[in-house]
Amino acid sequence: MKILVATEKPFAATAVEGIKKEIENIGNQVVMLEKYTDKQQLLDAVSDADAMIVRSDKITAEVLDAAKQLKIIVRAGAGYDNIDTEYAKGRGVIVENTPGQNSNAVAELVFGLLVFAVRNFYNGKSGTELKGKKLGILAFGNVGRNVARIAKGFDMEIFAYDAFCPASAIEEAGVHAVASQDDLFKICDIVSLHIPATAETKGSIDYKTVAQMKKGGILINTARKEVINEPELLKLFSEREDLKFITDIKPDADEEFAKFEGRYFSTPKKMGAQTAEANINAGIAAARQINAFFKDGCTKFQVNK
Ligand code: 3PG
């Protein structure tokens, strides 16, 4: 069997070694396509692949049509909005993710970005501390839970809302559960987004939502750019000079946001899961899931049932 690892944003070398070891151990072959710049390279590489490991790589109907032998795609990571899961289902291709494997890396970056933001991007002027501030976590999944764990070390007051997680489960984790997304924005000094990009969430972080934040509020996005209603957030930022927006996913309107000097920062490229540990965890989990599928027909992590 040929297992294609197609990563426009490559894994750390140690993760690649681990993936190869896992797959070659059961007699399968690994083919690497890293840092590709052209869709055609991906179309050529998938043509005889039996399985694929990807990150945020766009797996469209066109790619799936070119992949005549493909049986399974594993997204080494959590969000699978980059894959046309329905089309894959129609073609009989199983899509899986590796939930939780890179979540600590994303959560740590939240705090790297937050300290940078509250210290005024290290411009030399007096900033503030995170201690005692109210942190709102929007969606209490694997990343949200890690954010809560780390926030306890900063002595923050932690609140969370998750439309799919009962309040009791949030409270059990030592976090205040709030009744609605609106409440989270009203109560908290900082709101950290951990929602996936779905039909319901796309554009949901809009003018009305963010305008509820208190003076000096900070919005931090390490989730997906699509959840932000960019034109509405730009409008709000032109009216509210006190708000800050920090993101790990460069918005389409990056240049316009950048005009709000001292109130906006974006990493140049999505860096949340870009650690050796996250790459090893997610990459090796993906390889093992592919092995389990070919050996035993295991589809435990399938997301397109
Ligand atoms: C995820 O969904 O797992 C994270 O957003 C990381 O994505 P990446 O593999 O593209 O860095």
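This structure is a prediction, so every number in the text was calculated from the model and none was measured. Residue positions are counted from 1 within each chain, in the order its sequence is given. Totals for whole chains, interfaces and linings use all residues, but because this is a predicted model, local features are given only for residues with pLDDT of at least 70 and pairs of side-chain atoms are given and counted only at 80 or more. Hydrogen atoms and water are omitted, and side-chain values are computed over all heavy atoms in the structure.

Asker: Report on the overall build of the protein, specifying residues and quantitative values.
Answerer: Counting its regular elements, the protein contains 12 helices and 12 strands. Its C-alpha atoms give the protein a radius of gyration of 20 Å, near enough to 19 Å, the size a compact globule of 305 residues would have. Principal-axis analysis of the C-alpha atoms gives the protein an extent of 60 × 40 × 35 Å. The classification of residues rests on relative accessible area computed with a 1.4 Å probe and restricted to protein chains. Under 20% of the type maximum is buried, over 50% is exposed, and intermediate values are partly exposed. Relative to its 305 residues, the protein shows a buried fraction of 51%. Working rule for contacts: check all heavy atoms of both residues, and any pair within 4.5 Å makes them a contact. Within the protein, counting contacts between residues at least 6 apart in sequence, those at least 24 apart form 61% of the total. Exposure was quantified through the Shrake-Rupley algorithm and a 1.4 Å probe, taking into account, for residues, occlusion by the shown protein chains and nothing else. Of the roughly 13,900 Å² of accessible surface on the protein, a fraction of 51% belongs to carbon and sulfur atoms. The protein carries 40 positive and 42 negative side-chain charges, and their two centres are separated by 3 Å. Going along the chain from the N terminus, every DSSP run of H or I of four or more residues is numbered as a helix, and every run of E of two or more is numbered as a strand. Both definitions apply: the radius of gyration is a C-alpha atom measure, and the globule rule equals 2.2 Å times residues to the power 0.38. Positive: Lys, Arg. Negative: Asp, Glu. His and the chain ends are not part of the count. A charged residue contributes its charge at one atom only: NZ of Lys, CZ of Arg, CG of Asp or CD of Glu.

Asker: Describe the UniProt feature "domain: D-isomer specific 2-hydroxyacid dehydrogenase NAD-binding" (unreviewed entry) in the protein, listing the residues and the values that go with them.
Answerer: UniProt positions are given in the numbering used here, feature names are shortened, and annotations may be inferred rather than shown by experiment. Taken from the UniProt record, the annotation "domain: D-isomer specific 2-hydroxyacid dehydrogenase NAD-binding" (unreviewed entry) applies to residues 123-249. Note that residues 123-249 is 31% helix and 19% strand, and that its end C-alpha atoms are spaced 23 Å apart.

Asker: Could you give an account of the state of the cysteines, with specific residues and numbers?
Answerer: Simply put, disulfide is the name for a covalent bond between the sulfur atoms of two cysteines. Note on disulfides: each one is a pair of cysteine sulfur atoms within 2.5 Å. This structure, assessed with the given rule, holds zero disulfides. Unpaired in terms of disulfides, C165 finds its nearest cysteine sulfur in C188, a separation of 16 Å. With a relative accessible area of 16%, C165 lands in the buried category.

Asker: If you had to explain helix α1 (residues 13-25) to someone new, which residues and values would you point to?
Answerer: Each helix should span, by expectation, one fewer than its residue count multiplied by 1.5 Å. Counted at 1.5 Å a residue, the expected span for α1 with its 13 residues is 18 Å, and the 18 Å between its end C-alpha atoms agrees. For α1, the set of buried residues is A15, V16, G18, I19, E22 and I23. Down the axis of α1, the smallest arc covering the buried residues is 160°, so these residues share one side. Across α1 from its buried face, at more than 90 degrees, point the exposed residues A13, E17, K21 and N25. Each element contacted by the buried residues of α1 is listed here: β1 (2-7), β2 (29-34), β3 (51-54) and α12 (276-296). Backbone geometry just downstream of α1 places G27 in the positive-phi region, at approximately 85°. Working note: the arc is built from the helix axis to C-beta atom directions.

Asker: Just give me the short version of unusual backbone geometry, but keep the residues and values in it.
Answerer: Despite not being glycine, F121 has its phi angle at roughly 55°, a positive value. By relative accessible area, which is 17% here, F121 ends up buried. Even without a glycine there, the phi angle at D155 is positive, about 60°. With respect to the helices, strands and loops of the structure, D155 is situated in the loop between α6 (142-153) and β7 (157-161). What makes D155 partly exposed here is its relative accessible area of 46%.

Asker: Just give me the short version of the pattern of salt bridges, but keep the residues and values in it.
Answerer: Salt bridges, as used here, are contacts in which a Lys or Arg side-chain nitrogen is within 4 Å of a carboxyl oxygen on Asp or Glu. Scanning the model with the defined rule gives 12 salt bridges in all. With a shortest N-O distance of 3.3 Å, K269 and E8 are connected by a salt bridge. With K269 in the loop between β12 (264-266) and α12 and E8 in the loop between β1 and α1, the pair connects residues that are 261 residues apart, well separated along the chain. Its relative accessible area of 35% is what places E8 among the partly exposed residues. Here D50 ties to K71 by a salt bridge, and the two come within 2.7 Å at their closest N and O atoms. Taken as a pair, D50 in the loop between α2 (39-46) and β3 and K71 in the loop between α3 (61-66) and β4 (72-75) lie far apart in primary sequence, 21 residues in all.

Asker: Break down the side chain of S192 for me, with residues and values.
Answerer: Mapped onto the elements, S192 comes out in strand β9 (residues 190-193). Under the relative-accessibility criterion, S192 is labelled buried at 0%. Two N or O atoms count as a polar contact when they lie within 3.5 Å, although within protein this holds only if one can serve as hydrogen donor and the other as acceptor, and sequence-adjacent residues are included solely when both atoms are side-chain atoms. At 2.7 Å, the side chain of S192 and the side chain of H194 are in polar contact. With near-sequence residues (within four places) excluded, S192 lies in contact with V110, L135, G136, I137, L138 and I220.

Asker: Outline the pairing of strand β5 (residues 94-97), listing residues and values.
Answerer: Neither face of β5 is left uncovered, since the one carrying I94 and E96 and the one carrying V95 and N97 both have all their residues buried. Seen with its strands pointing away from the viewer, a crossover is right-handed if its path from the first strand over the helix to the second goes clockwise. Handedness of the crossover joining β4 and β5 through helix α4 (residues 85-90) is recorded here as right-handed.

Asker: Break down the layout of surface pockets for me, with residues and values.
Answerer: Regions of empty space are outlined by a rolling probe, equal in size to a water molecule, passed over the atoms. Roughly 1,200 Å³ of volume is contained in the largest pocket. Cavities and pockets are found on a 1 Å grid laid over the protein atoms alone: a cavity is a set of points where a 1.4 Å probe fits but cannot escape, a pocket is an open set with protein on both sides within 12 Å along at least five of seven lines, and a lining residue has an atom within 4 Å of such a point. Lining the largest pocket are 45 residues, and of these A78, G79, H194, I195 and P196 sit closest to its centre. Contributing elements (two or more residues each) for the lining of the largest pocket: α6 and α12. Charged residues are taken to be Asp, Glu, Lys and Arg, nonpolar residues to be Ala, Val, Leu, Ile, Met, Phe, Trp, Tyr, Cys and Pro, and polar residues to be all remaining types, Gly included. Residue composition of the lining of the largest pocket, by class: 20 nonpolar, 16 polar and nine charged. Grid points are joined across faces, edges and corners, and a volume is the space filled by probe spheres set on the points.

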